[in-house]
Amino acid sequence: MENGMRVLRRLGLHDEIVAQANPCRRYEMAKIDGETVATFPVVNKDRLVTVTVLRSAEEGVYMHKDKFIVKIEQPTDGSLGVKATFRDGSFAYGDILIGADGVHSGVRSILFPDRRPFKSGFVGYLGVADYDPSFGWPLARPPLLRRQHQRQIHWALYEAKQEDISHDDWQPFLNLVAERARMADIAERWNVLPNFLPMIRASKQILPLTIYDLETLPVWHKHNCVLVGDAAHAMVPFTGQGCNVALEDTDVLATLLARFPTHPRTAFQLYQDLRYDRVRKAAEAARAQGKRQYSTSPTGAKIGHVVLKAMAFFASATGGNMSSASVLGYDGIEAVSQLLARRGYDAV
């Protein structure tokens, strides 16, 4: 969304990512019977990782796959330096360590072992099917569907239940024939729109996903190590702000590290002071949105849909979307400048 795209513009990545991404001119949220609940514009992040990795390599920052951190060594006397040891026996040195390794963060598990993610109560199934004209298009508004390069359809289904259906390696179901039949049977019992069922049955991949949550940590840094994104404050995916908030984190942290190059711990504390309330509220908003979208009772679902429709109507009437101006209008550098002024530091 706009708050995340603002960071990408600052990095000089926006135009390239948008040019390579699949267009998603409109995101439409609907009930299972096809009735529209909310509609708003988004930009897909299909190529975000690829472009970022390639451009980082051009700047001398390289990605090493299959690394899992198992040990962190750092001084406690205020001096710089970190040694990170990995499961394969390799290690790396640096002045600081930034843990940007997601909700199942290995860095966090070492720094704050009592802070662990928990199952959110939602599970999801992400599927891919080759586009067939017999499916029809548009698909009469089934949930979370989009046409991609005229060749593929991506679909998603979520259930409200406590169950561990996936692992950290994001592996698809191996018994595809059985799983797509099972998913189609489930969807049929939910009385989904008819053209949704053959698409599920034709899926060439279905990825199970356990959705985890994490209470926002009270402290995000320890000595020369700091956490960003889901490692510090994971949020469920129902507002589409997880990636955007993580981009904001990196923007703010990078700005502060540039301002305090020899005092990273000062930068870490200012970063947390500036970001904490905003990300905590964003995480709470995502949880509330999930409860509105996926209720375990018909009454709760009806109330949630009424609230969502009211939010969508207000957004449409004001020319915006379902995220408030305070969310989408956030500018990390401006926020840093204001914080430094309040604390008596020179502006960025």
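Quick note: structure is the one above.
How each quantity is defined
- In this convention, every chain numbers its residues from 1, walking through the sequence in written order.
- In view of the model being predicted, local features appear only for residues whose pLDDT reaches at least 70, and side-chain atom pairs are presented and counted only at 80 or more, with totals across whole chains, interfaces and linings using the full set of residues.
- Each side-chain value is derived from all of the structure's non-hydrogen atoms; neither hydrogens nor water enter the calculation.
- Any two strands are treated as partners once DSSP identifies two or more bridges connecting them.
- Here a helix means four or more residues in a row that DSSP labels H or I, a strand means two or more in a row labelled E, and each is numbered from the N terminus.
- In this analysis an axis means a line fitted to C-alpha atoms, helices contributing only their contacting stretch, and an angle means the value between N-to-C directions, from 0 to 180 degrees.
- In summary, the pairing rule links any two rings of Phe, Tyr or Trp, Trp by its six-membered ring, whose centres are within 6.5 Å, and it sorts them by plane angle into stacked for under 30 degrees, edge-to-face for over 60 and tilted for everything else.
- Accessible area is worked out with a 1.4 Å probe on protein chains only. A residue is then buried under 20% of its type maximum, exposed over 50%, and partly exposed in between.
- Charges are assigned to positions over rings by a cutoff of 6 Å between ring centre and Lys NZ or Arg CZ, combined with an angular limit of 35 degrees from the ring normal.
- Just to be clear on terms, a salt bridge is a Lys or Arg side-chain nitrogen sitting within 4 Å of an Asp or Glu carboxyl oxygen.
- In these notes, a set of buried Ala, Val, Leu, Ile, Met, Phe, Trp, Tyr and Cys residues joined through side-chain atoms within 4.5 Å is what counts as a nonpolar core.
- Note on contacts: a residue pair qualifies if any of its non-hydrogen atoms lie within 4.5 Å across the two residues.

Visitor: How should I be thinking about the sheet that holds strand 5 (residues 91-94) in this particular structure?
Guide: In any sheet, the strands associate via hydrogen bonds between backbone groups, in a parallel or an antiparallel arrangement. Spatial ordering of the open sheet is given by 3-4-5, a layout of 3 strands whose pairing is antiparallel. For this open sheet the edge positions go to strand 3 (69-73) and strand 5, each flanked by a neighbour on one side alone. Strand-to-strand twist of the sheet, defined as the mean angle between neighbouring strand axes without regard to direction, takes the value 20°.

Visitor: Whenever I open this one, the sheet that holds strand 11 (residues 221-222) confuses me. Can you help?
Guide: Pairing is mixed across the open sheet formed by 3 strands, whose spatial order is 6-12-11. Edge positions in the open sheet fall to strand 6 (97-99) and strand 11, since each of these has one partner strand only. Both strand 6 and strand 12 (residues 225-227) contribute to a ladder of 3 bridges, which runs parallel. Within strand 12, the residue paired with Leu97 across the bridge is Cys225.

Visitor: How do you make sense of the packing of aromatic side chains when you look at a structure like this?
Guide: Given two aromatic rings, one states the distance between the centres and the angle between the planes to describe the pair. Applying the stated criterion across every chain yields a total of 5 aromatic pairs. Ring geometry for Trp155 against Phe196: centres 6.2 Å apart, planes inclined by 90°, an arrangement best described as edge-to-face. Of this pair, Trp155 sits in strand 9 (residues 152-160) while Phe196 sits in helix 6 (residues 196-201), and the two are 41 residues apart along the sequence. Residue classification places Trp155 among the buried positions, given a relative accessible area of 2%. Every member of this aromatic cluster is reached through a ring pair, and the members are Trp220, Tyr271 and Tyr276. Above the ring of Phe91, the side-chain terminus of Lys83 is found at 4.7 Å from the ring centroid.

Visitor: When you look at the pattern of salt bridges in this model, what are you seeing that I'm missing?
Guide: Pairing between side chains becomes possible if they bear opposite charge and their charged atoms approach one another. In this structure the tally under the stated criterion is 15 salt bridges. Of the charged contacts, one joins Arg10 and Asp331 as a salt bridge, the two residues approaching to 3.0 Å between their closest N and O atoms. With Arg10 in helix 1 (residues 2-11) and Asp331 in the loop between helix 11 (325-328) and helix 12 (332-343), this residue pair connects regions lying 321 residues apart in the sequence. A relative accessible area of 19% means that Asp331 is categorised as buried. In this structure, Arg287 and Asp213 form a salt bridge, with 2.6 Å as the shortest nitrogen-oxygen distance.

Visitor: Could you clarify how one ought to interpret unusual backbone geometry in this entry?
Guide: Working note: non-glycine residues mostly have negative phi, and peptide bonds are mostly trans. Of note in the backbone geometry, Asp66 takes a positive phi value of approximately 60° without being a glycine. Within the fold, Asp66 resides in the loop between helix 3 (48-58) and strand 3. Although it is not a glycine, His223 sits at a positive phi angle of roughly 55°. Within the secondary structure, His223 sits in the loop between strand 11 and strand 12. Judged by its relative accessible area of 26%, His223 is partly exposed.

Visitor: In this structure, what is going on with the nonpolar core? I would like to understand it.
Guide: A general tendency of soluble globular proteins is for nonpolar side chains to be buried together. In this structure, Ile72, Leu97, Leu227, Leu256 and Tyr271 are the most contacted members of the largest nonpolar core, which totals 48 residues. Considering every element that reaches this core, the biggest residue donor is helix 9 (residues 264-293), with 9 residues. The residues contacting Tyr271, other than those within four sequence positions of it, are Trp220, Val226, Leu227, Val228, Asp249, Val252, Leu253 and Leu256. Membership of the second largest hydrophobic core comes to 20 residues, among which are Tyr131, Ile186, Ala187 and Met199.

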